[in-house]
Amino acid sequence: MRALPTLPIDDVLASLVAAVRERGAAVLVAPPGAGKTTRVPGALLDAGLAGDADVVVLEPRRLAARLAAARVASERGGRLGDEVGYEVRFDRKVGGATRIRFVTEGILTRRLLDDPTLRGTGVVILDELHERHLAGDLSLALCQRLRRGPRPDLKIVAMSATIDPGPVAAFLDAPVVESLGRTFPVDVEHAAAPDDRHVGKQVASAVRRLVGEGLDGDVLVFLPGGGEIRRAAEDLAELAARANLLVLPLHGELSADEQDRAVARADRRKIILATNVAETSVTIDGVVAVIDAGTARVARHAPWSGLPSLVVEPISKASATQRAGRAGRTRPGRALRLYTKHDHDTRRERDAPEVARADLAEAALELHAAGFARLADFPWFEAPPPAAAEAADELLLRLGAVDARGAVTALGRRMLRFPAHPRQARLLVEAERRGVAREGAILAALLGARELRVERRGPGAAARIAADSDLIEDLDALLDARHGGLKPHRLRDLGLDVATAMAVDRAARQLERLARDETRGPDGDAAVDEALLISVLAGYPDRVGRRRARSAEIVFAAGGSGTLAPSSVVIDAELVVAVDAGEVARGKVSIRRASKVEPLWLLELYPERVAETDLLVWNREAERVERAQRTTFDGLAIDERLDPAAARRFAVRSIDRALAGITVPTVVHICFGYGMVVPGESKPNAYAFLEELAASRAGTISIEAAQPRLDLARDRGSVDRRRDVHAQGLT
């Protein structure tokens, strides 16, 4: 093995090895750039702490797992995929000789479900634990449960630059090992005053300043999302051409080759526009400056509505420290923060853990499969809010993935085959059953991505056609692009976002490999579309809604309402399922993508939730009572038929029953009070209707108007008997 440059972490490796050997676990705190990600796995393996088994390193993101594995393999003098490899969603590079595996958090969680004793693994390292991803928290708790049970020999190391080590150390009953050194200093500067310009303009100004001050390396820019990256690239175009700069994006939707291009050495200075995928565990050689917009796009979930939201929020102080540290990895650097020091100093210390804000459905299904009937029984490092746990279990029950006791059903087991959210997995299982697994896989991949068509993005987007489903429109566009080889120019000609289309295609092809049709597919495009629409409905039974007359407002069966976005092509459907909806403000829901629903599909999939009623209802406009036959889904009317003639027939039968047996002269008092009239008749005609009825029984009954009161006086002067017929009695 070749000689390696000295890193600050090297000074504490011996102490870390000793702590793990003695206690079986340790918490390592080391600043960004100290070398913990690249040096610790090899040190533990070389010390024999894994025995004959592997060292598994959990990384919060695929990019970090791939890049860290490549660097460690290079430092240890081997090829990637031999002694050192990686496994991420839909991609892996490992072999029979692999002893150090860099994996994303979900990979280990699924391994623990498939093999509860984690055979073949001797050491688990949880890197960048401060990010507190839900899958990372699950892995931490599951591994500690193993240590306390069937695997006391399993070693655990939790690592971070900014985490509060106390709670983790207490949970693991482990010592804390700390490295205080940083390789190179980073000079941090803040904005003098708030800047109201678009962040792209601010980035361009900061880069222009760095170039003017003699920039001699690459710049890493942190932005909240793809939209901001594209805008910043546009704002940088003129400066980049003049100063010979290479502007490259870096985010999770890019292919591995595109990500590698962003981090590889280039023949000129690079401006790397990145999301927080580059925040941790990634050393990009050549970066001498960081520009930090100070924001990130954060996924949140509202358990009271079941709807997600993706909001741009200020990052924490811990994240700001991580970002600045990217500039001091290989030489002294600078960090320009596009926000004031006062703004920084008043921010929260750390980000809220995902377990406190994210959708728990996928984790809940995995835990139920692991034998936990109740989420409260799981030994969490930090327990989720009870409302979120209840919402997750309610969704799984609606999807048919678990039964009332929390046991995973046969359907739920089939859903677990797919590395996807339970909604997407339920869609896939239904698509398999209907013979449209290939198309269903693409729909599931589309659900996991942002809007495919560029023209439908932004506040001014508007649909140009009317169709049954936004998803099927995107499916058709992607299939069309596939026929052309998914070439970037072809995608742009079709109006599709290149990065999104490529990411959807990669995910879809992986899901296609796992999916299998159970029957021959339907004949004809219309039949295929119907099978897909039903499959979408299977994944979103709690998102069914009905359009209010002549409006974009959708009333949900589960309660509440939302507004169909102008960009949606589902313009004409009366019943819809909202597949991409989010809270844009407190109590305001925007439905970005939807699909048509037919009442018969609800009856087929969820017969226990469909009810039929036959009522007499008041029509305020016509001022009459009408017979309404309704079919409802969870209380939402999905089919309704009004029949005034039937109401009239019902009234005649009711009055006949009320007057049955009258053989002596009787005065009938008709009471028009309380806003009620004879069914099927407006108020002016109701009296005439009853006069006709009296005439048909001449000599037996007569009609008199009466005031709306219940204690009508009896007149015993000229008749033998009197009956009071009230509208209340007619209904």
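Provided above is the structure to which this section pertains.
Please read these numbers as outputs of a predicted model, since none were measured by experiment.

Peer 1: Teacher, can you tell me more about the sheet that holds strand 12 (residues 270-274) here?
Peer 2: Adjacent strands of a sheet pair through backbone hydrogen bonds, lying either parallel or antiparallel. Spatial ordering of the open sheet is given by 9-16-13-10-12-11, a layout of six strands whose pairing is parallel. Each of the sheet's edge strands pairs with one partner strand only, and the pair in question is strand 9 (186-190) and strand 11 (246-250). Here the strands of the sheet are splayed against their neighbours by 20° on average, with no regard to which way each runs. Sheet analysis places strand 13 (residues 287-292) next to strand 16 (residues 333-337), joined by four bridges and oriented parallel.

Peer 1: Would you take a moment to explain the sheet that holds strand 4 (residues 91-93) for this structure?
Peer 2: Across the sheet, which stays open at both edges, the eight strands sit in the order 4-3-5-2-6-7-1-8 with mixed pairing between neighbours. The outermost strands of the open sheet, each flanked by one partner alone, are strand 4 and strand 8 (176-178). Averaged over all neighbouring strand pairs, the angle between strand axes comes to 20°, with direction disregarded. Against the sheet, helix 5 (residues 134-148) makes contact with strand 1 (25-29), strand 2 (54-59), strand 6 (121-126) and strand 7 (155-160), and its axis sits at roughly 145° relative to strand 6, the strand it touches most.

Peer 1: I'm lost on the packing of aromatic side chains in this one. Help?
Peer 2: Given two aromatic rings, their pairing is described by the distance between the two centres and the angle made by the two planes. Applying the stated criterion across every chain, the model contains four aromatic pairs. Measuring from centroid to centroid gives 6.0 Å for Tyr 606 and Phe 633, while their planes differ by 50°, and the two rings are tilted. With Tyr 606 in the loop between helix 21 (599-605) and strand 22 (610-619) and Phe 633 in strand 23 (residues 624-633), the pair connects residues that are 27 residues apart, well separated along the chain. Assessed through its relative accessible area of 0%, Phe 633 is described here as buried. Between Arg 347 and the ring centre of Tyr 339, over which it is positioned, the NZ or CZ distance is 4.1 Å.

Peer 1: Please explain the pattern of salt bridges as it appears in this structure.
Peer 2: Should the charged atoms of two oppositely charged side chains come close, the side chains can pair. The tally for this structure, following the rule as stated, stands at 60 salt bridges. Between Glu 228 and Arg 297 there is a salt bridge, with its nearest N and O atoms 3.1 Å apart. Of this pair, Glu 228 sits in helix 8 (residues 226-243) while Arg 297 sits in strand 14 (residues 295-302), and the two are 69 residues apart along the sequence. For Arg 297, a relative accessible area of 32% puts it in the partly exposed group. Between Arg 433 and Glu 430 there is a salt bridge, and its shortest N-O distance comes to 2.7 Å. Pair noted here: Arg 433 and Glu 430 are both in helix 15 (residues 422-433), with a separation of three residues, about one helical turn. When its relative accessible area of 2% is taken as the criterion, Glu 430 is described as buried.

Peer 1: I keep staring at the packing of helix 7 (residues 199-212) against helix 8 and nothing clicks. Help me out?
Peer 2: Helix-helix packing is described using two parameters, namely the angle between the two axes and the distance between the axes. The geometry of helix 7 relative to helix 8 is characterised by a closest axis approach of 8 Å and an angle of 30° between their N-to-C directions. When the axes of helix 7 and helix 8 are compared, the pair comes out roughly parallel. Taken as a pair, helix 7 and helix 8 cross one another with a handedness that is right-handed. Counting all contacts with helix 7, which are made through Val 199, Gly 200, Lys 201, Val 203, Ala 204, Val 207, Arg 208 and Val 211, the residues of helix 8 involved are Glu 228, Arg 231, Ala 232, Asp 235, Leu 236, Leu 239, Arg 242 and Ala 243. Partitioned by chemical class, the residues of the contact of helix 7 with helix 8 number nine nonpolar, one polar and six charged.

Cut-off values and rules
- Residues numbered from 1 in each chain as written.
- Predicted model: local features only at pLDDT ≥ 70, side-chain atom pairs only at ≥ 80, totals over all residues.
- Heavy atoms only, no water.
- Pairing = 2+ DSSP bridges.
- Helix = DSSP H or I, 4+ residues; strand = E, 2+ residues; numbered from the N terminus.
- Axes fitted to C-alpha atoms, helices over the stretch in contact; angles between N-to-C directions.
- Contact = heavy atoms within 4.5 Å.
- Phe/Tyr/Trp six-rings, centres within 6.5 Å; stacked < 30°, edge-to-face > 60°.
- Buried < 20%, exposed > 50% of the residue type's maximum accessible area, 1.4 Å probe, protein only.
- Lys NZ or Arg CZ within 6 Å of the ring centre and 35° of its normal.
- Salt bridge = Lys/Arg side-chain N within 4 Å of Asp/Glu carboxyl O.
- Parallel < 35°, antiparallel > 145°, perpendicular 65-115°, else oblique.
- Left-handed = near helix turned anticlockwise from the far one by under 90°.
- Nonpolar A, V, L, I, M, F, W, Y, C, P; charged D, E, K, R; others polar.

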